[in-house]
Amino acid sequence: DANLDTGERSDIAGGTGRADAGARPDPSPALVAASRAVASRMEGLAFVNPGLAVEAVGFAPWNGHWLGVLVTPWSMNLVLAPRDRAAWPDVAQGAKLRLRFPAGDYDFVGARDDVVGETLVCSLFSPVLEFDDQATARLVAELAREALFDPANADAADGSNAPAAPEIRR
């Protein structure tokens with residue numbers, strides 16, 4: 001396992017206010033397109049939540065990368081994608097890379113896709129059958145991403161690798 005210390009930087013809120021020359025574009029459209037193609041082949045499977053759709057949530061620049069959450073009818077993952085190619089770690093597909101956030105260290109797995117290219121993913125929920133609707137899944141995705149940057153989450157009592165999900169109430 002490799003380790004990359006990636007502390008919070010000023011661009012976490014969505015950019016520095018200026019265009020970065022040579023920066024790769026937001027990967028959200030490619031992630032959504034690739035996942036929708038998979039979703040069309042997975043309809044009706046027991047672990048697929050028919051109440052959810054593919055959605056990229058909260059993608060913004062962070063430490064030379066794009067960081068956000070990808071919601072699909074079968075999973076919810078933190079996704080890191082290259083923004084500055086020079087800052088991108090070389091991680092083989094399936095290999096783990098531990099990333100440091102204010103909330104603690106999280107294991108991401110290297111992934112490659114013909115449409116999306118290289119990414120690193122950290123599973124938050126799989127499957128996602130506990131979500132009643134897209135709005136709830138989106139809210140949890142937003143809160144999970146925010147939780148990464150709250151040092152109070154660093155000492156999670158359950159020792160899990162993912163930010164604690166908020167309690168969902170109807």
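Details of the structure are given in the entry above.
None of the values given here were measured: they were computed from a predicted structure.

A. Structural view of the side chain of Glu118. Along the chain, Glu118 turns up in strand S7 (residues 117-125). Relative accessible area serves as the criterion here: at 17%, Glu118 is assigned to the buried category. Of the polar contacts made by the side chain of Glu118, one reaches the side chain of Arg112; its length is 3.1 Å. Not counting chain neighbours up to four residues away, the residues in contact with Glu118 comprise Ala81, Pro82, Arg85, Trp88, Val91, Ala111 and Arg112.

B. Up close: the nonpolar core. Counting residues in each nonpolar core, the largest one holds 29 residues, and the members touching the most others are Val69, Met76, Leu80, Phe101, Phe108 and Phe131. Elements that contribute at least two residues to this core include exactly strand S2 (55-62), strand S3 (65-71), strand S4 (76-82), strand S5 (96-101), strand S6 (104-113), S7 and helix H2 (134-147). Aside from chain neighbours lying at most four places away, what touches Val69 is Glu55, Ala56, Val57, Phe59, Met76, Asn77, Leu78, Leu124, Ala141 and Arg145. Core analysis: the next-biggest nonpolar cluster, separate from the first, contains 12 residues, Met42, Val48, Val54 and Ala81 among them.

C. Representation of the environment of Pro73 in the model. The residue Pro73 is located in the loop between S3 and S4 in this model. Remark: the alpha-carbon pair of Pro73 and Arg36, spanning 37 residues in sequence, is separated by 9.7 Å. Discounting residues that sit within four places of it in the chain, Pro73 has contacts with Phe47, Val48, Asn49, Leu52, Ala53, Val54 and Val128.

D. Quick peek at the pairing of S7. With 5 bridges connecting them, S4 and S7 associate as antiparallel partners. Bridged to Val79 within S7 is Val121. Pairing of S6 with S7 involves 5 bridges; the strand directions are antiparallel. Bridging from a neighbouring strand, Arg112 pairs with Glu118 of S7. Hairpin connection from S6 to S7: 3 residues lie between these consecutive antiparallel strands.

E. How the structure looks around the pattern of salt bridges. In total, this model carries 5 salt bridges according to the counting rule given. Note that Glu55 and Arg138 form a salt bridge whose closest N and O atoms lie 2.7 Å from each other. Residue Glu55 is located in strand S2, and its partner Arg138 is located in helix H2; the two are separated by 83 residues in the primary sequence. Residue classification places Arg138 among the partly exposed positions, given a relative accessible area of 29%.

F. Spotlight on the packing of aromatic side chains. For the structure shown, the criterion picks out 6 aromatic pairs. Between the aromatic rings of Trp62 and Phe149, the centroid separation amounts to 6.0 Å while the plane-to-plane angle is 70 degrees, which identifies the pairing as edge-to-face. Of this pair, Trp62 sits in strand S2 while Phe149 sits in the segment after H2, and the two are 87 residues apart along the sequence. Taken as a pair, Trp62 and Phe149 share a single burial class, namely buried. Taking NZ or CZ as reference, Arg83 lies 5.3 Å from the ring centre of Trp66, over its face.

The rules behind these values
Residues numbered from 1 in each chain as written. Predicted model: local features only at pLDDT ≥ 70, side-chain atom pairs only at ≥ 80, totals over all residues. Heavy atoms only, no water. Helix = DSSP H or I, 4+ residues; strand = E, 2+ residues; numbered from the N terminus. Buried < 20%, exposed > 50% of the residue type's maximum accessible area, 1.4 Å probe, protein only. Polar contact = N/O pair within 3.5 Å; in protein donor to acceptor, adjacent residues only side chain to side chain. Contact = heavy atoms within 4.5 Å. Core = buried A, V, L, I, M, F, W, Y, C linked by side-chain atoms within 4.5 Å. Pairing = 2+ DSSP bridges. Salt bridge = Lys/Arg side-chain N within 4 Å of Asp/Glu carboxyl O. Phe/Tyr/Trp six-rings, centres within 6.5 Å; stacked < 30°, edge-to-face > 60°. Lys NZ or Arg CZ within 6 Å of the ring centre and 35° of its normal.

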